[in-house]
Amino acid sequence: MNIKKGQFLELDITGIAFGGKGIAKVDGLAVFVEQAVPMDRVVARIVKRKKQYAEARIETIIELSPFRVKAPCIYSGFCGGCKWQFLNYDKQIEYKQQHVKDAIERIGMIRDVPVHPAIPSDKIFEYRNKMEFSCSDRRWLLPDEMDMPDVDRDFALGLHVPGTFYKVIDTRVCWLQPKLGNRILDDVRQFIRTSGVPVYGLRSHAGFWRFVMLRHSEAYDQWMVNMITAKEDRKIVQPLADWLVNTYPQIISVVNNITSRKAGIAVGEYEILLSGSNGIRDKIGPFEFEISANSFFQTNTLGARQLYETVLKYADLSGNETVVDLYSGTGAIAIFISNSAKTVTGMEIAESAVKDAENNCRINGISNCRFIHGDINKGIAERVAAADVMIIDPPRAGMHKDVVQRILESAPERIVYVSCNPATMARDFSLLKERYRVLEVQPVDMFPHTCHIESVAKLTLK
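Residues numbered from 1 in each chain as written. Predicted model: local features only at pLDDT ≥ 70, side-chain atom pairs only at ≥ 80, totals over all residues. Heavy atoms only, no water.

## Some details on the overall build of the chain
Here's step 1: Across its full length, the chain holds 10 helices and 21 strands.
Here's step 2: For 462 residues, the compact-globule estimate of 2.2 N^0.38 gives 23 Å, and the chain sits close to it at 24 Å.
Here's step 3: Buried residues in the chain amount to 54% of all 462 residues.
Here's step 4: When contacts within the chain are restricted to residue pairs at least 6 apart in sequence, long-range pairs at least 24 apart make up 63% of them.
Here's step 5: As presented, the chain carries roughly 20,500 Å² of accessible surface, and 50% of it is formed by carbon and sulfur atoms.
Here's step 6: With 59 positive and 56 negative side-chain charges, the chain shows a separation of 5 Å between the mean positions of the two kinds. (Helix = DSSP H or I, 4+ residues; strand = E, 2+ residues; numbered from the N terminus. Rg over C-alpha atoms; globule rule 2.2 N^0.38 Å. Buried < 20%, exposed > 50% of the residue type's maximum accessible area, 1.4 Å probe, protein only. Contact = heavy atoms within 4.5 Å. Areas by Shrake-Rupley, 256 points an atom, 1.4 Å probe, with all protein chains shown as cover. Lys, Arg positive; Asp, Glu negative; His and termini not counted. Charge placed at Lys NZ, Arg CZ, Asp CG, Glu CD.)

## Describing empty space enclosed by the protein
Here's step 1: For the coordinates displayed, the defined rule picks out 3 cavities of 30 Å³ or more.
Here's step 2: Volume-wise, the largest cavity comes out at about 80 Å³.
Here's step 3: Along the lines of polarity and charge, the residues of the lining of the largest cavity split into 9 nonpolar, 4 polar and no charged.
Here's step 4: Space inside the second largest cavity adds up to approximately 60 Å³.
Here's step 5: Lining the second largest cavity, in full, are K123, E126, Y127, R128, N129, P178, H216, E218, N300, T301 and L302.
Here's step 6: Residue composition of the lining of the second largest cavity, by class: 3 nonpolar, 4 polar and 4 charged. (1 Å grid on protein atoms, 1.4 Å probe; cavity = no way out; pocket = protein on both sides within 12 Å on 5 of 7 lines; lining within 4 Å. Points joined across faces, edges and corners; volume = space filled by probe spheres on them. Nonpolar A, V, L, I, M, F, W, Y, C, P; charged D, E, K, R; others polar.)

## Considering the pattern of salt bridges
Here's step 1: The final tally for this structure, using the stated rule, is 27 salt bridges.
Here's step 2: Residues D170 and R172 are paired through a salt bridge, measuring 3.1 Å at the closest nitrogen-oxygen approach.
Here's step 3: Judged by its relative accessible area of 3%, D170 falls in the buried class.
Here's step 4: Here R172 falls in the partly exposed class, since its relative accessible area comes to 34%.
Here's step 5: The partner of R427 in a salt bridge is D428, with the nearest N and O atoms 2.9 Å apart.
Here's step 6: D428 gets classed as buried once you look at its relative accessible area, which sits at 0%. (Salt bridge = Lys/Arg side-chain N within 4 Å of Asp/Glu carboxyl O.)

## A closer look at the state of the cysteines
Here's step 1: Evaluation of the coordinates by the stated rule reveals 0 disulfides.
Here's step 2: In this model C82 remains outside any disulfide bridge; the closest cysteine sulfur is found in C73, 6.1 Å from its own.
Here's step 3: Free of any disulfide, C174 has its nearest neighbouring cysteine sulfur in C82, separated by 6.4 Å.
Here's step 4: Here C174 falls in the buried class, since its relative accessible area comes to 6%. (Disulfide = S-S within 2.5 Å.)

## Topic: the pairing of strand β9 (residues 209–217)
Successive residues of a regular strand alternate their side chains across the two faces of the sheet.
Here's step 1: In terms of burial, β9 is a largely internal element, 9 of the 9 residues being buried.
Here's step 2: Pairing of strand β7 (residues 130–136) with β9, which is carried by 5 bridges, proceeds in the antiparallel orientation. In the strand pairing of β9, M131 is matched with L214.
Here's step 3: Pairing between β9 and strand β10 (residues 222–229): 8 bridges, direction antiparallel. Bridge pairing links S217 to Q222 in β10.
Here's step 4: The turn joining β9 and β10, which pair antiparallel and follow one another in sequence, is formed by 4 residues; a positive phi near 50 degrees is taken by D221. (Pairing = 2+ DSSP bridges.)

## Here we look at the layout of surface pockets
Here's step 1: Empty space within the second largest pocket amounts to approximately 690 Å³.
Here's step 2: Taken together, 23 residues make up the lining of the second largest pocket; nearest its centre are E34, Q35, R57, G77 and V161.
Here's step 3: At the level of secondary structure, the elements contributing two or more residues to the lining of the second largest pocket comprise β4 (29–34) and β6 (53–63).
Here's step 4: It is β6 that provides the largest number of residues to the lining of the second largest pocket, a total of 4 residues.

## Some thoughts on helix α6 (residues 351–364)
Here's step 1: Taking 1.5 Å as the rise per residue, α6 with 14 residues should run 20 Å; its terminal C-alpha atoms sit 20 Å apart, in good agreement.
Here's step 2: Taken together, the buried positions of α6 are occupied by A353, V354, A357, N360, C361 and N364. The buried side chains of α6 occupy one side of the element, clustering within an arc of 120 degrees when seen end-on. Seen from the open side of α6, the exposed residues pointing more than 90 degrees away from its buried face are S352, K355 and R362. (Expected span 1.5 Å × (residues − 1). Arc of directions from axis to C-beta.)

## As for the packing of aromatic side chains
Here's step 1: Taken as a whole, this structure holds 10 aromatic pairs when the rule is applied.
Here's step 2: Relative to F297, the ring of F289 lies with its centre 5.9 Å away and its plane at 55 degrees, an arrangement referred to as tilted. By the burial criterion, F289 is buried, and F297 matches it.
Here's step 3: Members of the aromatic cluster, each reached through a chain of ring pairs, are F191, F208 and W209.
Here's step 4: Seen from the ring of Y200, R210 lies directly overhead, with NZ or CZ sitting 4.0 Å from the centre. (Phe/Tyr/Trp six-rings, centres within 6.5 Å; stacked < 30°, edge-to-face > 60°. Lys NZ or Arg CZ within 6 Å of the ring centre and 35° of its normal.)

## Quick word on the side chain of N360
Here's step 1: On the secondary structure map, N360 appears in helix α6.
Here's step 2: On the accessibility criterion, N360 (1% relative accessible area) is buried.
Here's step 3: Of the polar contacts made by the side chain of N360, one reaches the backbone oxygen of T330; its length is 3.2 Å.
Here's step 4: Discounting chain neighbours no more than four positions away, the residues touching N360 are E288, F289, E290, T330 and I335. (Polar contact = N/O pair within 3.5 Å; in protein donor to acceptor, adjacent residues only side chain to side chain.)

Set out below in structure tokens:
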């Protein structure tokens with residue numbers, strides 16, 4: 001069949017691809033269908049035609065898959081915050097496990113690696129401890145809002161339509177954050193709208209209000225509100241901070257990050273404390289961590305405990321090992337395993353993260369961890385030579401080839417690899433497999449209703 005853009009096809013969905021789209025086959029050609037579930041039968045319109053595949057969008061569902069569920073969120077299917085709410089959760093983690101297995105076999109070219117069933121998240125809603133909401137002077141309308149004459153099209157505070165920087169939904173309720181976060185967000189929305197000060201234009205780059213970031217402590221049920229603005233003007237933001245702390249005793253920190261950069265990143269060039277403390281504290285297992293507005297912390301606190309317990313299990317420490325933790329961030333993994341190791345040395349390129357890690361060690365009374373600020377690509381050789389166990393938790397892009405080479409040269413007996421991207425994890429395995437055997441992989445679901453999955457792998461020297 002000669003498939004063309006704009007064509008309508010009746011399709012049987014047979015699987016889900018990495019990235020979350022349903023898969024159908026037409027005369028051997030893979031067709032990726034947005035928001036489709038295996039065992040759906042749909043009429044879909046081809047929106048992109050490439051030599052090796054096509055992409056389509058559902059026009060009509062002829063037969064519903066038994067794996068479909070009713071999404072509780074009114075923004076499901078439009079918002080990029082979570083795209084799998086309509087898929088049964090048990091099936092979500094089943095497909096995530098399969099994606100990890102497929103990546104290792106197809107990209108890593110390694111077969112027969114045991115990939116265990118994914119550990120499910122303790123919470124499948126209200127699990128995120130950090131949410132960022134964008135301000136915009138143009139509101140992206142949902143289909144049922146198109147014909148409403150009284151809808152304000154010149155204001156939005158919320159989440160983006162997937163794959164866009166300028167399409168912002170005015171998000172009234174987000175199911176990923178605790179309920180109180182939605183009340184706080186709505187009050188901030190009302191304040192901004194009546195402030196008489198313009199929100200930021202994502203195309204014009206003019207305006208004052210840019211982002212609202214909410215952080216929540218799972219352990220202590222405390223909140224931080226971070227307003228990100230285009231310039232400093234305390235007389236505008238201070239009344240909002242005062243009102244928030246007087247209204248919500250759970251809010252113990254209100255800060256204002258200021259950035260004049262055009263990049264759509266909710267990080268300030270500098271920060272002003274408006275009320276309370278500079279941060280909040282949360283716990284992963286028995287360990288406590290101080291979290292500032294811009295510091296990294298796993299967004300699913302309960303999921304992080306499951307992830308780090310898996311790291312500790314795979315490290316198989318007796319108390320006598322020297323451990324090197326590459327990409328150590330704010331020290332969470334190093335601190336979590338510290339009681340089981342002789343020493344832990346973390347390496348991290350971000351100086352602010354190193355300072356946070358050292359502070360978190362002081363908070364927890366940890367004395368056998370040290371953290372080195374520097375470029376791992378350049379400074380790894382002399383640091384890892386004596387490592388018995390190496391923990392690697394790289395960014396989504398995986399490891400640089402120079403880092404892989406240094407690891408192969410130093411040859412630690414065991415490696416625990418932590419990944420948020422099965423594709424780059426599998427690629428790194430292919431670079432390490434000359435000297436290392438991948439014994440097992442444990443996926444850990446920290447992002448319900450998304451296609452993302454964390455994985456922990458155990459490797460040993462051949």
